[in-house]
Amino acid sequence: MEAFPTGHVMHIPTMLLYNTGMRVAEVAGLRWQDIDLKQMTISVNKQIRYIAKDKKYCLTPPKTRSNQRTFTITPELVGELSSWKAAQAEQELAYGEHYVYVYEEPDGTIRNMSKGLPNGPLARVDLVCTRSDGHSYSVDCIRKQLNAKGYSRGIDKRCR
C-alpha cells in the first residue's frame, strides 16, 4: 500500500494515524493546542463524533478516561506537523475571505463557517487536519481515504 505523497490533503491525517496509533476520530479532533512541537508530544483529549439522533458533528472527550493520554512523537513527525502548520497559515492568506474556520458551539457542535466572526457564542477551533480551504474533515472521510479501496480508486471528490 502506497502512502499519500507529501503536500497531499490527506498526508497529515495519514502520518498521524500511522505514526501514533491514534483513532480516526481522535485525529479528526486533534487541535494545535494539543501538540507541543518543542517537547515533541501530542495530548489526546478530544475526538470528533457524529451524533446520529441530532444529525451533527461534535467535539467530545474520548469515550473513556484511559483514552485521554499524552505521548512522544518522532522528530520526523514534528517536522511534518511544523511544515503543515505553516502551510495552513499560507492557505488562509491565499483563500482570503473564502477561507473557512471551524467553530465550536457551547454544546460541542462544530460548524464550518466563512472567515470572520460568527454570530453567537462560538469559539474558533484550530484543527490540525483540515482541507486546504479550512474545512474540517469528517471521520468518515478520513476512514474512506485510508481503506484499501480508497488507495486503489484515488481520492474521493467529496474529501478534497
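What you are looking at is a predicted structure, and each value in this text was computed from that prediction instead of being measured.

Turning our attention to the sheet that holds strand S1 (residues 35-36). The three strands lie next to each other as S1-S2-S5, forming an open sheet whose pairing is antiparallel. The open sheet has two edge strands, S1 and strand S5 (69-72), and neither has a second partner. Note that strand S2 (residues 41-44) and S5 share four bridges and pair antiparallel. By the bridge assignment, Thr-41 is partnered in S5 with Thr-72.

So, about the nonpolar core. Leu-16, Ile-42, Leu-81, Val-128 and Ile-142 are the most contacted members of the largest nonpolar core, which totals 34 residues. Sorting the residues of this core by element identifies helix H1 (11-20), helix H2 (24-28), S2, helix H3 (75-95) and helix H4 (139-146) as the ones contributing at least two each. Val-128 has contacts with Ile-12, Leu-16, Leu-30, Arg-31, Trp-32, Ile-35, Leu-81, Trp-84 and Gln-88, leaving out every residue within four places of it along the chain.

The next thing to look at is the sheet that holds strand S7 (residues 110-114). The sheet built from three strands is open, its strands ordered S7-S6-S8 with antiparallel pairing. Strands at the two margins of the open sheet, each flanked by one partner only, are S7 and strand S8 (123-125). Going across the sheet, the axis of each strand differs from the next one's by a mean of 45 degrees, ignoring polarity. Pairing between strand S6 (residues 100-104) and S7: five bridges, direction antiparallel. Each residue of the ladder has a partner; that of Glu-104, found in S7, is Ile-110.

Turning to the confidence of the model for the protein, a few remarks are in order. Low pLDDT means the predicted coordinates in that region are not meant to be read closely. Looking at the protein, the pLDDT average stands at 83 and 82% of residues meet or exceed 70. A low-confidence stretch, residues 1-7 (pLDDT under 50), is modelled with 15 contacts involving residues beyond four sequence positions or located in other chains.

Viewed as axis vectors pointing N to C, H1 and H3 meet at an angle of 160 degrees, and their least axial separation amounts to 11 Å. Classified by the angle their axes make, H1 and H3 are roughly antiparallel. Where H1 crosses over H3, the handedness of that crossing is left-handed. Here His-11, Ile-12, Met-15, Leu-16, Asn-19 and Thr-20 of H1 come into contact with H3, specifically with Leu-77, Glu-80, Leu-81 and Trp-84. Here the contact of H1 with H3 is built from residues that sort into six nonpolar, three polar and one charged.

We now examine the pattern of salt bridges. Going through the model one piece at a time under the given rule, you end up with nine salt bridges. Between Arg-69 and Glu-26 there is a salt bridge, with its nearest N and O atoms 2.8 Å apart. Taken together, the residues span a long stretch of sequence, with Arg-69 in strand S5 and Glu-26 in helix H2 at a distance of 43 residues. Exposure remark for Glu-26: the relative accessible area of 1% places this residue in the buried category. In this structure, Asp-140 engages Arg-143 in a salt bridge whose closest nitrogen and oxygen atoms are separated by 3.5 Å.

Quick notes on the rules
- Residues numbered from 1 in each chain as written.
- Predicted model: local features only at pLDDT ≥ 70, side-chain atom pairs only at ≥ 80, totals over all residues.
- Heavy atoms only, no water.
- Pairing = 2+ DSSP bridges.
- Helix = DSSP H or I, 4+ residues; strand = E, 2+ residues; numbered from the N terminus.
- Core = buried A, V, L, I, M, F, W, Y, C linked by side-chain atoms within 4.5 Å.
- Buried < 20%, exposed > 50% of the residue type's maximum accessible area, 1.4 Å probe, protein only.
- Contact = heavy atoms within 4.5 Å.
- Axes fitted to C-alpha atoms, helices over the stretch in contact; angles between N-to-C directions.
- pLDDT = per-residue confidence, 0-100.
- Parallel < 35°, antiparallel > 145°, perpendicular 65-115°, else oblique.
- Left-handed = near helix turned anticlockwise from the far one by under 90°.
- Nonpolar A, V, L, I, M, F, W, Y, C, P; charged D, E, K, R; others polar.
- Salt bridge = Lys/Arg side-chain N within 4 Å of Asp/Glu carboxyl O.

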